[in-house]
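Single-letter residue listing:
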Number of protein chains: 2
Amino acid sequence: MTPTGFSVFNRKDRASVDTLRLLAVDMVEKAKSGHPGFPLGAAPMAYVLWTRFLKHDPQRPDWPDRDRFVLSAGHGSALLYAFLCLSGYGLTMDDLKNFRQWESLTPGHPERGVTPGVEATTGPLGHGLAMGVGLALAERNLAKRFNRPNFKLFDHHTYALVSDGDLMEGVGSEAASLAGNQGLGKLIYIYDSNDMTIEGHAGLTFSEDVRARFAAYNWHVSLVSDVGDLQSIKVALDKAKQETERPTLIICRTKLGAGSPKEDTPGAHGEPLGAEGLAATRAHYGYGDRGPFFVDERVAEHFKERAQAHVETRKKWEETLAEYEKKYPEEGRELKRRLLGSVPDSLAPDLKEAAKTVFAKDSQVATRVASGKVLNVLAKSLPELIGGSADLAPSNKTVIDGEEFLSALTPGGRNIHFGVREQGMGAILNGLALHGGFIPFGGTFLVFSDFVRPAVRLSALMSLKVVYVFTHDSVGVGEDGPTHQPVEHLAALRAMPNLLVLRPADAFETAAAWEVAVTHQGPSCLILSRQNLPVLTPEKYPHLHEGVFKGAYVLSEAPNQDPQAIVIASGSEVHLALAAQELLKDRLGVRVVSIPSWELFASQPPDYVEKVLPAKITKRLAVEAGRSLGYERFVGLNGKILSIDSFGHSAPAGVIFEKLGFTPDNVARLVDSLFE
Amino acid sequence: MTPTGFSVFNRKDRASVDTLRLLAVDMVEKAKSGHPGFPLGAAPMAYVLWTRFLKHDPQRPDWPDRDRFVLSAGHGSALLYAFLCLSGYGLTMDDLKNFRQWESLTPGHPERGVTPGVEATTGPLGHGLAMGVGLALAERNLAKRFNRPNFKLFDHHTYALVSDGDLMEGVGSEAASLAGNQGLGKLIYIYDSNDMTIEGHAGLTFSEDVRARFAAYNWHVSLVSDVGDLQSIKVALDKAKQETERPTLIICRTKLGAGSPKEDTPGAHGEPLGAEGLAATRAHYGYGDRGPFFVDERVAEHFKERAQAHVETRKKWEETLAEYEKKYPEEGRELKRRLLGSVPDSLAPDLKEAAKTVFAKDSQVATRVASGKVLNVLAKSLPELIGGSADLAPSNKTVIDGEEFLSALTPGGRNIHFGVREQGMGAILNGLALHGGFIPFGGTFLVFSDFVRPAVRLSALMSLKVVYVFTHDSVGVGEDGPTHQPVEHLAALRAMPNLLVLRPADAFETAAAWEVAVTHQGPSCLILSRQNLPVLTPEKYPHLHEGVFKGAYVLSEAPNQDPQAIVIASGSEVHLALAAQELLKDRLGVRVVSIPSWELFASQPPDYVEKVLPAKITKRLAVEAGRSLGYERFVGLNGKILSIDSFGHSAPAGVIFEKLGFTPDNVARLVDSLFE
């Protein structure tokens, strides 16, 4: 470590910082759209972090032990792209010039999977900060599981640049509190404290003492009073690395749009500087005579050189891994498999058999209870399963038996107490999934999926394998009443692109739903009942397991005759459909279709869809204890839907179902009415 | 004020506290469902607050200058109901015995509108805390507007009981930070610090220093180390009332389930104590020989007496109001009207005329810009309009020109800077609406409606007149990319019961949508475009204004012939439909139906629906730049939907629309294809 007061930085560093700045504003100008303010203000701290601390190798963006960097202030994407380009991540100058254009590698906000070197999709404020907490938990957990004497496979830091908005958003507060509780010593955030928001000076709404707040969360907090002092930034980061028992927040005073005519005004945030403003900015940094996208050769060389800094470390790591695989073959295989994100081939048959044993004696079981049992079966073959609940574990059944709860003292735990922090939980699950090596799961009541929703959207945008366990799935919640009874949530989740929504009807469908979830490359929601439901045995219903994989299937064909009507139902309402089928069997052939997942059904070939829902059978009733929205696609303009289209009621569940017409008799009556 | 150490409380008070406790656990036991832990632990502090501080009159639960009390820990409802019953709010012992039963006055969580004396629907944690901030802002604002020398019409406090969960939830953090910033001296919260959550000791996830955190937010924080010490609670509340420049948090150490066998264990939280546990609890409090629902006569008398404490004050207030109305007739009329929640009769014709003037010269205007103009027209006749944006005012166009921004120094402001705190904003809007006297509005990007959603749900549950201004309503957002482009949000909002979703197609529909929103008793969302849209003149489209009130209407009939096909569209896509109609006019009669609101259309009589969408015209195309979910109800199984069913893209808006087929040519082609 260099002593304070003696700077290791020189003119080349200053030129490098200014190059990042100007490339970023050039990109914004060329795109006629974007955010010049953050790059101009934050470039120095980003530069010091990226070139002097970040352990990375542009040739191997997927090196498992790389430091993770999250640009929580996602609107500063141009700055990050400039750095990735100069560091050899495969972005060209043309890519920078293509900023924010159709199918470019440089979209408006960083998108994981689009740009090499981008660790997380950011933009919705607070979420980058919170995902970083998941990344840091992941590193600590993997280190505990896999490191061995002389084999430090996992030993990296998680860094982020965060902004005022990240600290104002509730999700950021939730995650910061939990990070302090967990004592995440390898989590290091730099806060771009520019005191400016879109509506004006941050003090208008954000006058709190951030330093004291984060200290209260058990963070180590330090201050850099002038972002231009690169040496101070380095010292602060050195100290942050020395702190091993608390996360660090470095508050760095910056000026939004530094060096531009709009410096320190809200106008610098979100629109191009304009030709004149850009010229003035260029002149301010001493590049008045240069054109756009200019990079001095020495600067280019300097970035390339810095990008080599960890190549040897990375190579050494790969050698270590190879030796590790010889010495610890079992751990080595597990690690490889987990990092690849594949599951053992034996998983599916094992699970199907296990389900038969697990549920052999149950005639009635709530699907949330079934889910808990399946989770525990899966957890044995899938050590990468890690998760918990937002303080509802006893209700959500999300505990892996016999495993520790994650904490600073038990960093290898696979159970996580998230506290009453649903959105923070979702973001942390995303972070765990982003890191690699995990299938994270998290539970809450379905009604509170609203709180998690912004995180679910990011899971879906990034196609992360995250399993959301949403229990207490309808007015079946009962006495807790409308604040706790989901009515619109199934429809709202189905509205989200790239999200699998699975609402199993019984224990066996639940087992299949979990199997879908852990093998699908993307997020899934399991929608589970609070109340007991009959167990439908595979003997009587042979497609019970496989049917789930197709999204919808003929659970029970009309007995002794051709089907004249179809009842389509999901979850607990499937049993109503079966009961109505039974009531009507002597005079009407009713086919019961179980539809656990609209998304899976939508991906089936047309002939399968026609087999399940033949066009000629137009007498169709859908039954679901939630809003009807969208069921018209299955029943058509002439069909009927038994649904709940207003908020729920506080009363015992059975009473509510009866009052709202969710009875076998009423379902049978509605089927009859299709023929009137 | 009584000096510390000399208690004003006596044995009757202790008996009263224990009566509240035991009534609450009796209710839970009888219902076989509910939460005994909170009432047992928190009864003393609730008792002192309710009987010694709360300015209220059970005979006039709607007295405008009453203190507001919010049970943010809504699961403690039984405690509140016991108090309301004993205080004469019209709840009988039978109502208590009917706890959590169908259509009882005592639902599982407090529900505003169901139980007299319940100020807010609570249960989703963090929201009670945050709504209280809105209630306090409301009081301060009304005081500034209406109080005159010797006429202190508004001078009340806002109290809440908050729990660990409220402090863990991000929405609570957002609101607490803003409350400190606003210096809400009349906001007083008691924190039930029982160190216990459902999953175990709160320290498992919540080890932060709450005292330091709230001090960092600029709150006055005090500590009561033993909730059993009624005098200490009183002293803390006295001090809180003396503090006029900061909100107060009184941290009160309690024990979950105090006095029960489950004391200080998570098991005390959410299930009945059981016969044995209840007997032991009763014995603990010295009522071992009494049956359930026992109330000692002296205790009953004592509560009745305390409930009279403010009757004189209330009567005096009414006299003051009567005098005020004589002396300040204009203010008096405004106040009366605002508290009734009615709007001036002249509003509708005024607005319609104003729209013609305001938009006379515009040929193109983004509906967000139109909304800003309409808001400013409305704000002149509706001084109760108050609101702002979650740091996106320049984009959301949510500023009332010429009015101050709300702050401690300008408490009468009608503009509010909410900071980057969407969910907190929503909850605060709910609080403003709950208080009475306001029509609150709040803006953010539509994509971030996910963050606000839990608050929107509470607006809908309580039927509060809150206007959500969601701008940047589709991939029309352009370069900011998929994190900022709503695709699923229209469908997700339409899924919510009791919520009006309005997506106007142009400036005039926007004016009508605002008129709907401010006259509708319930929440509305305005879904507005970022991009410019043609202004459809009332001359050419005579139903442009009135049509919005019906939800859907024939905007443009097939020219020169009977309609053979219908194109149904909302918002910006209406213009595509019109362009396609024009392209096809020589060979195909196409009717264009604008559908700004599904909910309003659903409430029309069948003959109107048939007029707009005649059953015989089965060739139907829906066009909307979002997910198709639910449009099948309008187009049927044989119709088509031009929609966006995956996430968006970062590129200029025009490019995205073209790539995704949102062009007049493609719409015309799709109409043609209906006839193939």
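Look a little higher up for the structure.
Just so you know, these numbers come straight off a predicted model, no measurement behind them.

Colleague: So what exactly am I meant to see when it comes to the overall build of chain A here?
Modeller: Looking only at helices and strands, chain A features 27 helices and 20 strands. Taken against the 2.2 N^0.38 rule, which gives 26 Å for 676 residues, the C-alpha radius of gyration of chain A at 28 Å falls within 12% of a compact globule. In terms of overall dimensions, chain A has C-alpha extents of about 90 × 60 × 45 Å along its principal axes. Buried residues in chain A amount to 68% of all 676 residues. Taking contacts inside chain A between residues at least 6 apart in sequence as the whole, the part at least 24 apart equals 78%. Accessible surface computed for chain A: about 22200 Å², of which carbon and sulfur atoms make up 50%. Seen as two clouds, the 72 positive and the 81 negative side-chain charges of chain A have centres 3 Å apart.

Colleague: Just to check I follow, could you spell out the pattern of salt bridges for this structure?
Modeller: Any two side chains of opposite charge can pair, so long as their charged atoms come close to each other. Residues and elements named next belong to chain A. For the structure on display, the rule yields 80 salt bridges over all chains. The closest approach of N and O atoms between Lys-262 and Glu-271, which form a salt bridge, is 3.7 Å. Taken together, the shared-partner salt bridges in this structure form one network comprising Asp-57, Arg-60, Arg-314 and Glu-318.

Colleague: Quick question: what am I supposed to make of unusual backbone geometry here?
Modeller: With the exception of glycine, most residues fall at negative phi, and the peptide bonds are largely trans. Residue and element names in this part refer to chain A. The backbone phi angle of Asp-264 is positive, close to 65°, even though this residue is not glycine. Mapped onto the elements, Asp-264 comes out in the loop between strand 7 (248-253) and helix 10 (274-284). With a relative accessible area of 34%, Asp-264 lands in the partly exposed category. Even without a glycine there, the phi angle at Lys-397 is positive, about 60°. In this fold, Lys-397 is placed in the loop between helix 16 (393-396) and strand 10 (415-417). Note on Lys-397: relative accessible area 31%, which makes it partly exposed.

Colleague: Would you explain the interface of chain A and chain B in this entry?
Modeller: A common way to express how large an interface is: the accessible area buried when the components associate. Contacts between chain A and chain B engage 99 residues on the former and 99 residues on the latter. Between chain A and chain B, roughly 8100 Å² of surface is buried when both sides are summed, and carbon and sulfur atoms account for 59% of that area. Counting the surface chain A buries against chain B, the share from its top three residues, A:Trp102, A:Glu199 and A:Arg457, is 10%. At the junction of chain A and chain B, the tally comes to eight salt bridges. A:Arg453 is paired through a salt bridge with B:Asp450; the nearest N and O atoms lie 2.9 Å apart. Our count for the chain A to chain B interface comes out at 50 residue pairs in polar contact (both at pLDDT 80 or more). Of all the elements, helix 18 (residues 449-461) of chain A adds the most residues to the side of chain A that touches chain B, at seven residues. In terms of residue class, the side of chain A that touches chain B is made up of 42 nonpolar, 33 polar and 24 charged.

Colleague: When you look at the relation of the copies chain A and chain B in this model, what are you seeing that I'm missing?
Modeller: For the pair of chain copies, the relating operation is a rotation around an axis with a shift along it. In screw terms, the move from chain A to chain B is a rotation of 180° and a rise of 0.0 Å along the axis, fitting with an RMSD of 0.0 Å. Here the copies are linked by what is in effect a two-fold axis. A share of 100% of interface residues in chain A that are also interface residues in chain B marks the association as one of identical surfaces.

Colleague: Honestly, the packing of aromatic side chains in this entry has me stumped. Any pointers?
Modeller: Within a pair of aromatic rings, the relevant descriptors are the distance that separates the centres and the angle that separates the planes. Under the definition given, this model contains 44 aromatic pairs over all chains. Centroid distance A:Tyr324 to A:Tyr328: 5.1 Å. Interplanar angle 45°. Geometry classified as tilted. A:Tyr328 gets classed as buried once you look at its relative accessible area, which sits at 17%. Ring geometry for B:Phe445 against B:Phe448: centres 6.2 Å apart, planes inclined by 25°, an arrangement best described as stacked. A relative accessible area of 8% means that B:Phe448 is categorised as buried. By way of ring pairs, the aromatic residues A:Trp598, A:Phe601, A:Tyr608, A:Tyr631 and A:Phe634 are connected into one cluster. Lying over the aromatic face of A:Phe146, A:Arg145 brings its terminal NZ or CZ to 5.0 Å of the ring centre. Its end group placed over the ring of B:Tyr328, B:Arg148 keeps NZ or CZ at 5.5 Å from the ring centre.

Colleague: Please clarify how the packing of helix 22 (residues 573-584) of chain B against helix 27 (residues 664-673) of chain B should be interpreted in this entry.
Modeller: The packing of two helices is summarised by the inter-axis angle and the distance between the axes. Residues and elements named next belong to chain B. At a closest axis distance of 8 Å, the pairing of helix 22 and helix 27 adopts a crossing angle of 65°. Put simply, helix 22 runs roughly perpendicular to helix 27. Note that helix 22 runs across helix 27; the crossing there is right-handed. In this structure, helix 22 uses Leu-576, Ala-579, Ala-580, Leu-583 and Leu-584 to contact helix 27, whose residues at the interface are Pro-664, Asp-665, Val-667, Ala-668, Val-671 and Asp-672.

Colleague: What is the right way to read the sheet that holds strand 2 (residues 158-163) of chain A from this model?
Modeller: Strands pair in a sheet through their backbones, by hydrogen bonds, and they do so in one of two ways: parallel or antiparallel. All names here are of chain A. The sheet built from five strands is open, its strands ordered 1-2-3-7-6 with parallel pairing. The sheet is open, and its two borders are formed by strand 1 (68-71) and strand 6 (220-224), each paired with just one other strand. Recorded for the sheet is a direction-independent mean angle of 20° between the axes of neighbouring strands. Sheet contacts for helix 5 (residues 127-146): strand 1, strand 2 and strand 3 (187-193); angle to strand 3, the most-contacted strand, approximately 165°.

Colleague: Hey, could you run me through helix 17 (residues 422-435) of chain B in this one?
Modeller: Within an α-helix, residues lying three or four positions from one another point in the same direction, as the helix has 3.6 residues per turn. Residues and elements named next belong to chain B. For helix 17, built from 14 residues, the straight-helix expectation of 20 Å at 1.5 Å per residue is met to within 8% by its first-to-last C-alpha distance of 20 Å. Along helix 17, 14 of the 14 residues are buried, which leaves the element largely enclosed by surrounding structure. Backbone geometry just after helix 17 places Gly-436 at a positive phi near 95°.

Colleague: Help me understand the pairing of strand 14 (residues 524-527) of chain A in this model?
Modeller: As a general feature of sheets, a regular strand has side chains that alternate between the two faces. Residues and elements named next belong to chain A. What you see with strand 14 is no split at all: Ser-524 and Leu-526 on one side and Cys-525 and Ile-527 on the other are buried throughout. In this sheet, strand 14 lies alongside strand 13 (residues 500-502) in parallel orientation, the contact comprising three bridges. Residue pairing in the sheet places Val-501 in a bridge with Cys-525 of strand 14. Viewed along the sheet, the connection from strand 13 through helix 20 (residues 507-519) into strand 14 turns out right-handed.

Cut-offs and rules
Residues numbered from 1 in each chain as written. Chains lettered and ligands numbered in written order. Predicted model: local features only at pLDDT ≥ 70, side-chain atom pairs only at ≥ 80, totals over all residues. Heavy atoms only, no water. Helix = DSSP H or I, 4+ residues; strand = E, 2+ residues; numbered from the N terminus. Rg over C-alpha atoms; globule rule 2.2 N^0.38 Å. Buried < 20%, exposed > 50% of the residue type's maximum accessible area, 1.4 Å probe, protein only. Contact = heavy atoms within 4.5 Å. Areas by Shrake-Rupley, 256 points an atom, 1.4 Å probe, with all protein chains shown as cover. Lys, Arg positive; Asp, Glu negative; His and termini not counted. Charge placed at Lys NZ, Arg CZ, Asp CG, Glu CD. Salt bridge = Lys/Arg side-chain N within 4 Å of Asp/Glu carboxyl O. Buried area = accessible area lost by both parts, 1.4 Å probe. Polar contact = N/O pair within 3.5 Å; in protein donor to acceptor, adjacent residues only side chain to side chain. Nonpolar A, V, L, I, M, F, W, Y, C, P; charged D, E, K, R; others polar. Least-squares fit on C-alpha atoms with pLDDT ≥ 70 in both. Phe/Tyr/Trp six-rings, centres within 6.5 Å; stacked < 30°, edge-to-face > 60°. Lys NZ or Arg CZ within 6 Å of the ring centre and 35° of its normal. Axes fitted to C-alpha atoms, helices over the stretch in contact; angles between N-to-C directions. Parallel < 35°, antiparallel > 145°, perpendicular 65-115°, else oblique. Left-handed = near helix turned anticlockwise from the far one by under 90°. Pairing = 2+ DSSP bridges. Expected span 1.5 Å × (residues − 1). Right-handed = clockwise from strand over helix to strand, strands pointing away.

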